Amino acid sequence: QYRYFVSALIDVWRSVDSPRYLDWALDALEVLVTYPSKSEPERDQFASDVLGSLAKWARRVDEHQWDIARNLSDDVGARVQFEGIHKSAILAQPQAELPDESITRPKTLRRVAVYSLTESVLLRVQKVIEKALPGLTVDICSDKVGSDRLKQLARQVDVFLMAPRSAKHAATDFIKANRSADKPLLVASGSGSASLIREFFSFLAIPQ
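I will try to describe carefully the structure that is included in this document. Along each chain, numbering runs from 1 in the same order as the chain's sequence is written. Restriction of local features to residues with pLDDT of at least 70 applies here, the model being predicted, together with a cutoff of 80 or more for giving and counting side-chain atom pairs; totals for whole chains, interfaces and linings are based on all residues. Side-chain metrics in this entry use all non-hydrogen atoms of the structure; hydrogen atoms and water are not considered.

Another point: the sheet that holds strand β2 (residues 137–141). Note on pairing: two strands pair once DSSP finds at least 2 bridges between them. Helix numbers and strand numbers start at the N terminus; a helix is a DSSP run of H or I with at least 4 residues, a strand a run of E with at least 2. Spatially, four strands are ordered β2-β1-β3-β4 in an open sheet, and the strand pairing comes out parallel. The open sheet terminates on both sides in strands that have one partner only, identified here as β2 and β4 (185–187). Each adjacent strand pair in this sheet contributes to an overall mean axis angle of 20°, direction not counted. Pairing of strand β1 (residues 111–115) with β2 involves five bridges; the strand directions are parallel. Within the sheet, the bridge partner assigned to Tyr115 lies in β2 and is Cys141. For helices, the fitted axis covers only the stretch in contact; all axes are lines through C-alpha atoms, and the angles between them, taken along N-to-C directions, range from 0 to 180 degrees.

Below is the structure:
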């Protein structure tokens, strides 16, 4: 069953392989990394396909996606393959064509909270955001129900980011109930770190 599932993922990715769905592919790989592998060859093949796509679409891959892919490649033992792809991508692009990944942190943005039930996802998101925006405090939470800490975060942080597909309705409803209407509450389209990070930086790119 595991081999069939991962083979289906490989078929799906090969049929939709494009920059538009890179976040989906990274999220899918993250699921395979998070849970026990019943068959290494299939998982490694999917990882190889995703890394190959990064090489093919290198000019359309942003720095946050590279960061997630680097982290995931460590988990599947493909760091050497990743570094070769990343280095080639950088060398292949004239300096003027490199994407501008510099994001200025708004002065009013001091603290962000991220909610998901998957701790490994939270840690990846925290690492990427803190790297991109030094000085920003990133709180992570995976409480399954409403708690004093979750209430405090919902009420106090400047931006609250959550992945409802990886959360309990009781907790997400609790967050919404305790979140002021004038404070941003961002809901990612997927449950993986790529989707969460995309949602957060897309929000920052919009003039506030």
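Having seen the structure, we can now continue with the description.
A separate point is the packing of helix α4 (residues 63–75) against helix α9 (residues 193–205). Their axes nearest at 10 Å, the elements α4 and α9 cross at an angle of 160°. With respect to their mutual orientation, α4 and α9 come out roughly antiparallel. Considering the relative orientation of α4 and α9, their crossing is right-handed. Residues His64, Gln65 and Ile68 of α4 pack against Ser193, Ala194, Ile197, Arg198 and Phe201 of α9. Charged residues are taken to be Asp, Glu, Lys and Arg, nonpolar residues to be Ala, Val, Leu, Ile, Met, Phe, Trp, Tyr, Cys and Pro, and polar residues to be all remaining types, Gly included. Each residue belonging to the contact of α4 with α9 can be placed in one class, and the counts come to four nonpolar, three polar and one charged. These descriptions rest on fixed angle ranges, namely under 35 degrees for roughly parallel, over 145 for roughly antiparallel, 65 to 115 for roughly perpendicular, and the rest for oblique. By convention, the crossing between two helices is left-handed when the near helix turns anticlockwise from the far helix through less than a right angle, and right-handed when the turn is clockwise. Whether two residues are in contact is decided by their heavy atoms, any of which lying within 4.5 Å being enough.

Moving on, we come to the side chain of Asp139. Its location among the elements puts Asp139 in strand β2. With near-sequence residues (within four places) excluded, Asp139 lies in contact with Arg111, Val112, Ala113, Val114, Arg149, Leu153 and Val157.

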